Amino acid sequence: MDRLDPRTTHGTTDPMLDGGQGIVPGGAPAGAFSPWSYRDEAGVADTDLVGYKVEATDGGIGKIDEASHEVDGSYLVVDTGPWIFGKKVMLPAGTVNQVDHDDRKVYVDRSKDQIKAAPEYDETSHSDSAYRDKLGGYYDDTYGNLPPGTAR
């Protein structure tokens, strides 16, 4: 398998292709952000991602403890170990940019600071719709830092 640079978006060279939706390295995927669905181009399929390492745009954040493949409800629960004092974080599936099955790594298109600032994960509320709305909204808002004039 050819290795792809996880910090870039592949498949197009012009950020205004794909119907003007825009593709920017590390930025929003083409079209509307769907927090609870894996992107087709990420290479997830129905793979069991438990145990895979997770890489943010600026380095590793931990290992996957739980991975869901629910339709419009997929997510990852990542054990951050000492990075955030042993806490776990929940990442909506839409943040997954690419999966490298050979190295058992999942690349997400958010920085460590963005992940650290996300609404706190609570094992008892991860299926609660209010928590999911809050978390999905937070990650959707993190795309607000795109360069001016870039469509999303």
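Model, not experiment: these values are computed from the prediction.

Q: How should the pattern of salt bridges be read in this particular structure?
A: Any two side chains of opposite charge can pair, so long as their charged atoms come close to each other. The tally for this structure, following the rule as stated, stands at 5 salt bridges. In this structure, E120 engages K87 in a salt bridge whose closest nitrogen and oxygen atoms are separated by 3.7 Å. Of this pair, E120 sits in the loop between α1 (112-116) and α2 (129-141) while K87 sits in the loop between β3 (75-79) and β4 (88-92), placing them 33 residues apart in sequence. Overall, K87 belongs to the partly exposed group, its relative accessible area being 41%. Of the charged contacts, one joins R110 and D109 as a salt bridge, the two residues approaching to 2.3 Å between their closest N and O atoms. You can call R110 buried: its relative accessible area is 1%. Relative accessible area serves as the criterion here: at 3%, D109 is assigned to the buried category.

Q: Looking at this structure, I do not really get the side chain of T95. What am I missing?
A: Along the chain, T95 turns up in the loop between β4 and β5 (96-100). Owing to a relative accessible area of 0%, T95 belongs among the buried residues under this scheme.

Q: Please explain the packing of aromatic side chains as it appears in this structure.
A: The description of two aromatic rings rests on the distance between their centres and on the angle between their planes. One pass over the structure, following the stated rule, counts 1 aromatic pair. On the basis of an interplanar angle of 80° and a centroid distance of 5.0 Å, the ring pair of Y138 and Y139 is categorised as edge-to-face. It is R110 that lies over the ring of F33; its NZ or CZ is 5.3 Å from the centre. Of note, R132 hangs over the ring of W36, and the distance from its end group to the ring centre comes to 4.7 Å.

Q: Help me out: how do you make sense of the pairing of strand β1 (residues 53-56) in this one?
A: When a strand is regular, its side chains alternate between the sheet's two faces. Where β1 lies against strand β2 (residues 59-67), 4 bridges are found, and the strand directions are antiparallel. Counterpart to K53 in the pairing with β2 is K63. Where β1 hands over to β2, the hairpin turn is made up of 2 residues, counted between the paired strands. Pairing of β1 with strand β6 (residues 105-108) involves 3 bridges; the strand directions are parallel. Counted as the bridge partner of K53 is K105 from β6.

Procedures and definitions
Residues numbered from 1 in each chain as written. Predicted model: local features only at pLDDT ≥ 70, side-chain atom pairs only at ≥ 80, totals over all residues. Heavy atoms only, no water. Salt bridge = Lys/Arg side-chain N within 4 Å of Asp/Glu carboxyl O. Helix = DSSP H or I, 4+ residues; strand = E, 2+ residues; numbered from the N terminus. Buried < 20%, exposed > 50% of the residue type's maximum accessible area, 1.4 Å probe, protein only. Phe/Tyr/Trp six-rings, centres within 6.5 Å; stacked < 30°, edge-to-face > 60°. Lys NZ or Arg CZ within 6 Å of the ring centre and 35° of its normal. Pairing = 2+ DSSP bridges.

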